[in-house]
Amino acid sequence: MTRFSPAELLLPVRRRRIGIGVLFALGPALALLALVARLGMPDFGLAAIGAGTGVLIAIGAWRHARAIDARWLARRLDHARGDLEFSSDLLFADEANLAPVQRLQRARVVTRLAAEPATDLRERFPRAAIAWSLGLSLLAIVAVASWPTSPPVVARASESSATTAALVPARIIGAELGIDPPAYTGLPKRSVATLSTRAEIGASLQWRLRTEGAVEAVALRWHDGSSLPLTRDGDSWTTATTLTESTLYRVLLDTGEGNIEGELQRIDAIVDAAPEIRVLAPDRTLTELVDGQTRWALHFEARDDYGVGATTLDLTLAQGSGENIAFKEQRIALRGSGEPRLKTFRHQLDLPALGIAAGDDVIVRVSVADNRTPRPNVSRSASFILRWPPESGAEGSGIDGMVQRLLPAYFRSQRQIIIDTEALLAQRGSLDADTFGARSNVIGADQQLLRLRYGQFLGEEAETYGAPESAGDDGEDPDGEHADEHADAHAHEHEDEQPATAAAAGFGVAGNVLETFGHVHDVAEAATLLDPETKRLLRIALGAMWDAELQLRMGTPRAALPHENRALDYIKQVQQANRIYLARVGLELPPVDEARRLTGERGGLRNRTDALLARSIDPTPFEAWRALETGIAPDFTALDRWLRNPANNVPDALSVLAALDAVRTDPACIDCRKRAQAALWPLLPQGVPAPDPRAALDAGGRAYLDALAGQPR
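The rules behind the values
- Residues numbered from 1 in each chain as written.
- Predicted model: local features only at pLDDT ≥ 70, side-chain atom pairs only at ≥ 80, totals over all residues.
- Heavy atoms only, no water.
- Buried < 20%, exposed > 50% of the residue type's maximum accessible area, 1.4 Å probe, protein only.
- Helix = DSSP H or I, 4+ residues; strand = E, 2+ residues; numbered from the N terminus.
- Pairing = 2+ DSSP bridges.
- Contact = heavy atoms within 4.5 Å.
- Axes fitted to C-alpha atoms, helices over the stretch in contact; angles between N-to-C directions.
- Parallel < 35°, antiparallel > 145°, perpendicular 65-115°, else oblique.

Participant: What am I meant to see in the pairing of strand β4 (residues 204-212) here?
Facilitator: For a regular strand, side-chain orientation follows a simple rule: the groups alternate between the two sheet faces. Residues of β4 alternate between two faces, with Leu-205, Trp-207, Leu-209 and Thr-211 buried on one and Ser-204, Gln-206, Arg-208, Arg-210 and Glu-212 left unburied on the opposite face. Here strand β1 (residues 171-180) runs beside β4; their pairing, made up of nine bridges, is antiparallel. When the bridges of β4 are listed, Arg-171 appears paired with Glu-212. With seven bridges joining them, β4 and strand β8 (residues 236-242) adopt antiparallel strand pairing. Note that in β8 the partner of Gln-206 across the bridge is Ala-240.

This is the structure:
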């Protein structure tokens, strides 16, 4: 055997494998055909299934046989013939690509195969397994053949349909809810295969239901008791309505003998939110005009869930001072850039064209509307002010409703404390340590008094009663003159004062009595007149005063000096913020009855001796919660009426109604009762503590009230 052909060995092996595969699949295939024939399959269908099964068996057997290749045959030869020295793979290699040694070995293998009879490489025939397969298939065929057959039923079409309708229960077999959002939203139409969904307010809702069984009418019953009937359209029922608010409903099937109620469904209304405004420039509400500025840049963004609509810039120019303030209003339409839902607006105000002058204010506010119809949502930004600071001394002295002087002459002594500190540092070399520390502590006490005086403008309480005025309150010395001669007097003037002397000097004066024996919490016309920015600056100044006082008390005035200067800088900023813009709002007071004024007539006034009236609380939610707790049925009608009342302002009334509906449907459901109680718990009235009883009147108080009432008690 000089030439070797792998096909001579592969062909019988593949034939054996194909035969084994066909015999294994033959039994199940015959059982399948018997089952199909028993089910009443027509002859042509049975033939088609048989042909398809045969093709699948043939394809499977061939693919199973193709798994035997040259590598499989080489491993089989090496396992069966040890004299081939595990070189059987050389028989299936291309001889032209072999090395001389490999050709020599291949020739030896071919010679040995020719010298001895070839070994049978075919797989062993699995007789037992094939017998079990055919036996089980035969049993299956016998079982299928023994099934009883039902006799054919011949009936008229009308009788058959009537019998079917009578036997099939009435129910919904298909549901589709179409949603057509309002045109201004720009959203496409959509449909869902459920009866509960979320939709935009103003959207058109279309129901299409398919039913089976004896159904004579279909309707939707809302949670407020109203109903919406559906119209029959062939095998379907349809209706439509417009969504105005979130709602609950059920589907009612009228079978002629009664109504079948479906499960509770919920439709949540998506509210069209108002536009959101984000101002990027200016970055503060009050901006001062700088020298040479001719334009004011405005930059902001507007965002809306369905699209930004008309945008305007409301501009007000306040001119004049004192009581002679004039206002000019102007509205400018703006056009933005970007996406419909997020637009950016930029605008440059031409200040010379507006006619702004020194002491004038330009107030702007942005108004953004959306595309909602018929009435759009409108959002307005905060007011932003561009102020041209007035010239020194140009401010009027009048006080009116638009321009208010904020700060009295309290912010004047911080400069003097700095002068005293610098003077003490200049004398450091000529003073001993104890004297230096004592004078530093005295300046720290002055800093404390000044800090307390500033703190009154933020509503802070004083730490001492009847504290004397500091020397710096009478006037500043900005040029630093008389600093040296005033330093010692300013340092010691608070140590020599006696409370008795101060009290005696103002004996009998109501203000001095209040300051000496009272508990003053604030300064009149102080904390309530400061705007948030001024309060922030003043708070920073107070922090610097705290640090300065700490260093002065520790005897280190050099470390306190930077904090003192920092406090003075912020105080100057507070002094410059002496004008604020107040929006003009109407003040509507009840008309004064001139005929009754100053007559002393007290008719119609409430009697001071009347007892306090108890607050009226609707007990409906509490009674319902107590009924659920005790296991009895609550008054669902009264509770539904209470939940639907807008005056009660229930956050999520639909969830509470759904929980109560579950209890009404299944009164024995313990979990339903617990969920209803949990939904009602946040709605229960909070407990109010009882008021303290009025103190008994003494003789003086009784006489005073008798005099007011004009009659003896």
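Following the structure, the description resumes.
Participant: What am I meant to see in the environment of Ile-173 here?
Facilitator: In this structure, Ile-173 sits in strand β1. Once the C-alpha coordinates of Ile-173 and Arg-210 are considered, the two residues, 37 residues apart in sequence, prove to be 5.6 Å apart. Look past the residues within four positions of Ile-173 in its chain and what remains in contact with it is Arg-210, Thr-211 and Glu-212.

Participant: What is the right way to read the sheet that holds strand β7 (residues 231-233) from this model?
Facilitator: Paired through their backbone hydrogen bonds, the strands of a sheet run either parallel or antiparallel. With antiparallel pairing, the five strands of this open sheet are ordered in space as β2-β1-β4-β8-β7. Taken across any chain shown, the strands that pair with only one partner, and hence form the sheet edges, are β2 (190-192) and β7. The average angle at which neighbouring strand axes cross in this sheet is 25°, direction not considered. Pairing analysis gives three bridges linking β7 to β8, with the strands arranged antiparallel. Paired with Asp-233 across the strands is Ser-236, a residue of β8.

Participant: Help me understand the packing of helix α16 (residues 636-644) against helix α17 (residues 653-665), please; the structure alone is not making it clear to me.
Facilitator: Each pair of packed helices can be summarised by the angle the axes make with each other and by the distance between the axes. For the pair α16 and α17, interaxial distance at closest approach is 11 Å and the crossing angle is 170°. When the axes of α16 and α17 are compared, the pair comes out roughly antiparallel. Note on element contacts: α17 touches α16 through Ala-653, Val-656, Leu-657, Leu-660, Val-663 and Arg-664, opposite Phe-636, Leu-639, Asp-640 and Leu-643.

Participant: Honestly, the side chain of Asp-640 in this entry has me stumped. Any pointers?
Facilitator: Of note, Asp-640 is situated in helix α16. Apart from residues no more than four positions distant in its own chain, Asp-640 is found in contact with Leu-657 and Arg-664.

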